[in-house]
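Now for the letters of each chain:
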2 protein chains.
Amino acid sequence: MPLPRPQIQLSVDCILLFLDGHTLRTLLIRRPIPPHLGTWALPGGFVRPDESLEAAAARVLAVETGVRDVYLEQLYTFGDPGRDPRGRVVTAAYIALVRPPAPEPREGAWTPMDALPDLAFDHLTILDYARQRLKYKLEYSPVGFRLLPEEFTLKRVQDAYEAILGRALDKRNFRKKLLSLKVLKPLAKFVREGPHRPARLYRFEEEKWERLKEKGNVFVF
Amino acid sequence: MPLPRPQIQLSVDCILLFLDGHTLRTLLIRRPIPPHLGTWALPGGFVRPDESLEAAAARVLAVETGVRDVYLEQLYTFGDPGRDPRGRVVTAAYIALVRPPAPEPREGAWTPMDALPDLAFDHLTILDYARQRLKYKLEYSPVGFRLLPEEFTLKRVQDAYEAILGRALDKRNFRKKLLSLKVLKPLAKFVREGPHRPARLYRFEEEKWERLKEKGNVFVF
DNA sequence: GGCCTTCGTGTACAATTGACACCATGCGCA
DNA sequence: TGCGCATGGTGTCAATTGTACACGAAGGCC
């Protein structure tokens, strides 16, 4: 029995996130074609018949923004009829996390998540959903480190957590807990970032995290 | 600019779960058509151009199993090329939770989650993913109650948690914590379920849970 | 009435969370 | 060169939460 003729278009949309100090920013582009020509939108595109969804997301990012080698994670699939005026388009949304320094986008703008403009389609809904997911996920997984450079200070980690959770955390308690997880390797390197004492650099150790995970432990802030 | 011609089929698959004492069971059906004719599989079907994904899942359940009015939640979208030998089929998987008494399925069998047979396509992967999701979700949301009748004893709640988490919980601690959340209303009703003291019935109160959630509290067992 | 089974409850200790303040270090400037 | 300024880095105590653990109560059955 052959497949029926497809009648639904499948696309991917990418929420590309970047942490700029205490500000979480996402890359928006202006729609180059109708509908919503000129409106801000998430980078996205149709899935090709021979590529996986994740590959499609990676391709879209590379083509539309020039960004490569990012962490990708499926967020949710939005498929209400009517979300695209052209016809039935179902979209798989992917979260993509990039480390500083922020790649200069081929086009579009890094837009603060808390000052979003009018967006095409249901992209505002998608962004809200992404923010929620990231917030929850921070509590039991080390996604935060995917937004930091390979080597970072504890302050930067705290900045990341505060930006995503949207609230201030106590410095001493934060460090105590973070270090007690034993997933960070202190380096013999320091950075000067102003007229004050330099801060130690750390590195996140993936395999230590894996071991923790097997024992069922989780982050909780 | 018109839409390109669709080249990808979109389907939904349903993980219908039911709690049978300490056993979590899912409804599997034998594939009535090739490929994998006669092999056990999740109930599923193609999405129609005019229905939402969730509506498609509900329809598939109603038609293939006769089950209606269930809790539905999108699990994940599986879209690797090659997952269906007929061509490119991307499937949105939905978890569906039903309360006892177990509906008698129009076809298929309630199969224990820990004794799954060979399955068509990537349906084993999908079921593993579902089990994981349910386990995590139990920790911060009241999904467990969606597997129980409207009125239930504390023992039944504990059974549900133990079945899903796969480990025994201490009765006194479990009850203490559950009741401290103040989301259960004790009823002036008791059930006799054997030659022993009857147990009190409780009811889950959705709006009390909503209030808790706003304050940021979560279940953790 | 005695036995069996599950119901329902409290305490004590350990671990974790959360509040809170001060000295250290290095830069810049007078 | 020394003083001021800014951030780095650390510990203690109280409150809360988690965890281990045992026994009388209620009702059916024989």
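Sequence positions are assigned chain by chain, starting from 1 and proceeding in written order. To label them, take the chains in the order written and letter them from A, then take the ligands in the order written and number them from 1. This being a predicted model, a pLDDT of at least 70 is required before a residue's local features are given, and a value of 80 or more before pairs of side-chain atoms are given or counted; all residues contribute to the totals for chains, interfaces and linings. Side-chain numbers here rest on the full set of heavy atoms in the structure, without hydrogens or water.

### Description of the protein's contact with DNA strand C
In step 1: With respect to spatial proximity, 23 residues lie near DNA strand C, and among them A:Pro195, B:Lys171, B:Arg175, B:His196 and B:Arg200 are the closest.
In step 2: It suffices for a single heavy atom of a residue to lie within 4 Å of a molecule or strand for the residue to be listed as near it. Taken together, the sugar and phosphate atoms account for 43% of what DNA strand C places within 4 Å of the protein.
In step 3: The side chain of A:Asn173 places a nitrogen or oxygen atom 2.9 Å from a base nitrogen of DNA strand C.
In step 4: For this analysis, a polar contact is any N or O atom pair within 3.5 Å, provided that within protein one partner can donate a hydrogen and the other can accept it, and provided that sequence-adjacent residues contribute only side-chain to side-chain pairs. Measuring from a base oxygen of DNA strand C, one finds a side-chain N or O atom of B:Arg197 at 2.9 Å.
In step 5: Each helix corresponds to a stretch of at least 4 residues labelled H or I by DSSP, and each strand to a stretch of at least 2 residues labelled E; elements are numbered beginning at the N terminus. Sorting the residues of the surface near DNA strand C by element identifies α4 (171-180) of chain A together with α4 (171-180) and β10 (199-204) of chain B as the ones contributing at least two each.
In step 6: Of the residues forming the surface near DNA strand C, the biggest block, five residues, is contributed by α4(B).

### A word on the packing of aromatic side chains
Here a ring pair, both rings aromatic, is described through the centre-centre distance and the interplanar angle of the planes.
In step 1: Any two of the Phe, Tyr and Trp rings considered here, Trp counted by its six-membered ring, make a pair once their centres fall within 6.5 Å; the pair's planes then place it as stacked at under 30 degrees, edge-to-face at over 60, or tilted in between. Scanning all chains against the criterion turns up 16 aromatic pairs over all chains.
In step 2: Both rings, one in A:Tyr161 and one in A:Phe174, keep their centres 5.5 Å apart while their planes meet at 65°; by these two values the pair is edge-to-face. In this pair, A:Tyr161 is assigned in helix α3 (residues 154-165) and A:Phe174 in helix α4, connecting sequence segments 13 residues apart.
In step 3: Between B:Tyr76 and B:Tyr129, the aromatic rings sit 4.8 Å apart at their centres with planes inclined by 40°, giving tilted as the arrangement. Of this pair, B:Tyr76 sits in strand β5 (residues 71-78) while B:Tyr129 sits in helix α2 (residues 123-138); the two residues are 53 residues apart in sequence, bridging distant segments of the chain.

### Concerning the relation of the copies chain A and chain B
In step 1: Under the fitted operation, chain A is carried onto chain B by 0.0 Å of movement along the axis and a turn of 180°, and the coordinates agree to an RMSD of 0.0 Å. The symmetry that links the two subunits is that of a two-fold axis. It is A:Pro6 whose C-alpha, among those of chain A, lies nearest the rotation axis, at 2.8 Å. We place the copies in one frame by least squares, fitting the C-alpha atoms of every residue whose pLDDT is at least 70 in both.

### What about the domain arrangement of chain A?
All names here are of chain A.
In step 1: In this entry, domain limits derive from an automatic or database-based domain assignment. Along its sequence, chain A is carved into domain 1 (9-137) and domain 2 (142-214).
In step 2: Centre-to-centre separation of domain 1 and domain 2, based on C-alpha positions: 27 Å.
In step 3: Here, residues are in contact when the closest pair of their heavy atoms is within 4.5 Å. Taken together, the contact between domain 1 and domain 2 spans 15 residues of the former and 13 residues of the latter.
In step 4: Across the interface of domain 1 and domain 2, roughly 1,400 Å² is buried in total on both sides, 67% from carbon and sulfur atoms. Defined in terms of a 1.4 Å probe, buried area is the accessible area two parts forfeit on being brought together, summed over both.

### Quick word on the pairing of strand β2 (residues 23-30) of chain B
Residues and elements named next belong to chain B.
In step 1: Summarising the sheet, strand β1 (residues 9-20) and β2 pair through four bridges and their orientation is antiparallel. The residue bridging Asp20 from the neighbouring strand is Thr23, located in β2.
In step 2: The pairing criterion for strands is at least two bridges between them, as found by DSSP. Counted between consecutive antiparallel strands, the loop separating β1 from β2 contains two residues, among which Gly21 sits at a positive phi close to 65°.
In step 3: With four bridges joining them, β2 and strand β7 (residues 109-112) adopt antiparallel strand pairing. Bridging from a neighbouring strand, Thr26 pairs with Thr111 of β7.
In step 4: The sheet contact formed by β2 and strand β3 (residues 40-41) spans two bridges and is antiparallel. Within β3, the position partnered with Arg30 by the bridge is Trp40.

### Here's the deal with the interface of chain A and chain B
In step 1: Between chain A and chain B, the contact holds 29 residues from the first and 29 residues from the second.
In step 2: Interface area for chain A against chain B, summed over the two sides, is near 2,800 Å², with a carbon-plus-sulfur share of 64%.
In step 3: Between chain A and chain B we count eleven residue pairs in polar contact (both at pLDDT 80 or more) in total.
In step 4: Elements represented by at least two residues in the side of chain A that touches chain B include exactly β1 (9-20), β5 (71-78) and β6 (89-97) of chain A.
In step 5: For the side of chain A that touches chain B, the element with the most residues is β5(A), which contributes three residues.
In step 6: Its residues assigned to classes, the side of chain A that touches chain B shows 15 nonpolar, seven polar and seven charged. Residues were grouped as follows: Ala, Val, Leu, Ile, Met, Phe, Trp, Tyr, Cys and Pro as nonpolar; Asp, Glu, Lys and Arg as charged; and all remaining residues, including Gly, as polar.

### What about the sheet that holds strand β10 (residues 199-204) of chain A?
In step 1: Read from one edge of the open sheet, three strands run β8-β10-β9 (chain A), paired in antiparallel fashion. Each of the sheet's edge strands pairs with one partner strand only, and the pair in question is β8 (151-152) and β9 (184-191) of chain A.

### Observations regarding α4(A)
In step 1: Near the N-terminus of α4(A), the side chain that reaches the backbone nitrogen of A:Arg172, with its oxygen 3.1 Å away, is that of A:Asp170.
In step 2: Of the residues flanking the end of α4(A), it is A:Lys182, one or two places downstream, whose phi is positive at about 60°.

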